[in-house]
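Results of the structural survey
Each chain, written out:
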Amino acid sequence: MMERYILFLLLSWFLVQVVKSECTAGEETICKNNDYIFQCTGNRVIEIQSMFYGRESNTICGNSPIPAGGCSAPSALGIISSKCNGKKFCYINTIPHTLYGDPCVGMDKYIQVSWKCVEGGTDTVCEHSDRGSLDITCTGNKVIKIHSSFYGRESSIKCGDHNVPEGGCSSASALSTVVSRCGGERSCHVPANNYIFGDPCIGVRKYMTVSWTCEQQRVTHKQLVCERVTAQLSCSEGMNVRVTKATYGRSDPKNVSETIFHCISPDQSIVYAFGFMWNE
């Protein structure tokens, strides 16, 4: 009876954590020996905005001394971004120092993380399957941002029951290959085969797993305009001009003025950036 009650409490806690983190955006502080679960629904996936692991306050997560200047793991953001970005579900905790490193040995540390759910996905395609390839498409003015890409075999059950080479196998060029095909594009097509990625383990059936998000397009343009000539700053329909820098004078023998402005969408994401320079 006691075992059932304990199991009930554990399941209740788990469900509360999932519901709590199943938002479009949020911030969370995670104390020592605790964990947290992020989850996005529909066609949305996780994108980590900020991540701190260490101690900068003596009141957060208990009354604990602070080392001079505080302490933090500089690699924490990159590690969690690599682990969670582009996925619908992600679990993090404060227990393993081996994951983040230990920025202040012997002191209780905590995590402060912020995230949001964005358009994107994670998908796996099997080699020699009927599907055979991955097609990614972003909506509106958004373009593809690749977070991770894998081609090889590390699992014995994905894409059929197969033996895994000792230590697994993976294509070293998987990420750069997918980024070159998809990064900054509105749509792309990536076949899962050795011709694209090379063959990291001959005779073994492989699979491709890609994680991506869709972000506002950013394009930079520059145009030279002579003095006493009027330049018109315009954006496409539905976008607004935002001037971020304007100078008039002379900074070198050729350029006498410079104006830089952005075309912004209603959510304030930068979509285009233009630069104009006036010359004598």
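Residues numbered from 1 in each chain as written. Predicted model: local features only at pLDDT ≥ 70, side-chain atom pairs only at ≥ 80, totals over all residues. Heavy atoms only, no water.

**Looking at the environment of R153**
- Its place among the elements puts R153 in strand 8 (residues 142-153).
- With 16 residues separating them in the primary sequence, R153 and C169 have C-alpha atoms 5.4 Å apart.
- Residues in contact with R153, not counting those within four places in the same chain, are K158, C159, G160, H162, N163, V164, P165, G168, C169, V204, R205 and Y207.
- In terms of polar contacts, R153 uses its side chain to reach the backbone carbonyl oxygen of S155, at 2.5 Å.
- At 2.6 Å, the side chain of R153 and the backbone oxygen of R205 are in polar contact. (Helix = DSSP H or I, 4+ residues; strand = E, 2+ residues; numbered from the N terminus. Contact = heavy atoms within 4.5 Å. Polar contact = N/O pair within 3.5 Å; in protein donor to acceptor, adjacent residues only side chain to side chain.)

**A closer look at helix 4 (residues 174-182)**
- Within helix 4, the full set of buried residues consists of A174, T177, V178 and C182. Around the axis of helix 4, the buried residues are gathered within 105° of arc, so they sit on the same side.
- Once helix 4 finishes, G184 follows within two positions and takes phi at roughly 80°, a positive value. (Buried < 20%, exposed > 50% of the residue type's maximum accessible area, 1.4 Å probe, protein only. Arc of directions from axis to C-beta.)

**Digging into the layout of surface pockets**
- Considered as a void within the structure, the second largest pocket measures approximately 170 Å³ in volume.
- S82, K87, S148, S149, F150, E154, K158, Y207, T209 and S211 together form the lining of the second largest pocket.
- Where the lining of the second largest pocket is concerned, the elements lending two or more residues are strand 8 and strand 11 (207-216).
- Here the residues of the lining of the second largest pocket sort into two nonpolar, five polar and three charged. (1 Å grid on protein atoms, 1.4 Å probe; cavity = no way out; pocket = protein on both sides within 12 Å on 5 of 7 lines; lining within 4 Å. Points joined across faces, edges and corners; volume = space filled by probe spheres on them. Nonpolar A, V, L, I, M, F, W, Y, C, P; charged D, E, K, R; others polar.)

**Description of the side chain of S57**
- Within the fold, S57 resides in the loop between strand 3 (44-55) and strand 4 (71-72).
- A distance of 3.3 Å separates a polar side-chain atom of S57 from the backbone nitrogen of I60.
- Non-local contacts of S57, meaning those with residues more than four positions away in its chain, are made with S64, I66 and Y110.

**Some remarks on the pattern of salt bridges**
- Enumeration according to the criterion identifies six salt bridges in this entry.
- Here D108 makes a salt bridge to K32, at a shortest N to O gap of 3.2 Å. With D108 in the loop between helix 3 (97-100) and strand 6 (110-126) and K32 in the loop between strand 1 (25-30) and strand 2 (35-39), this residue pair connects regions lying 76 residues apart in the sequence.
- You can call D108 partly exposed: its relative accessible area is 32%.
- Using a relative accessible area of 45% as the deciding quantity, one classes K32 as partly exposed.
- Note that R131 and D123 form a salt bridge whose closest N and O atoms lie 2.5 Å from each other.
- Residues joined by salt bridges that share partners form a network here, namely E127, D199 and K206. (Salt bridge = Lys/Arg side-chain N within 4 Å of Asp/Glu carboxyl O.)

By themselves, these are just geometric observations and shouldn't be taken as functional.
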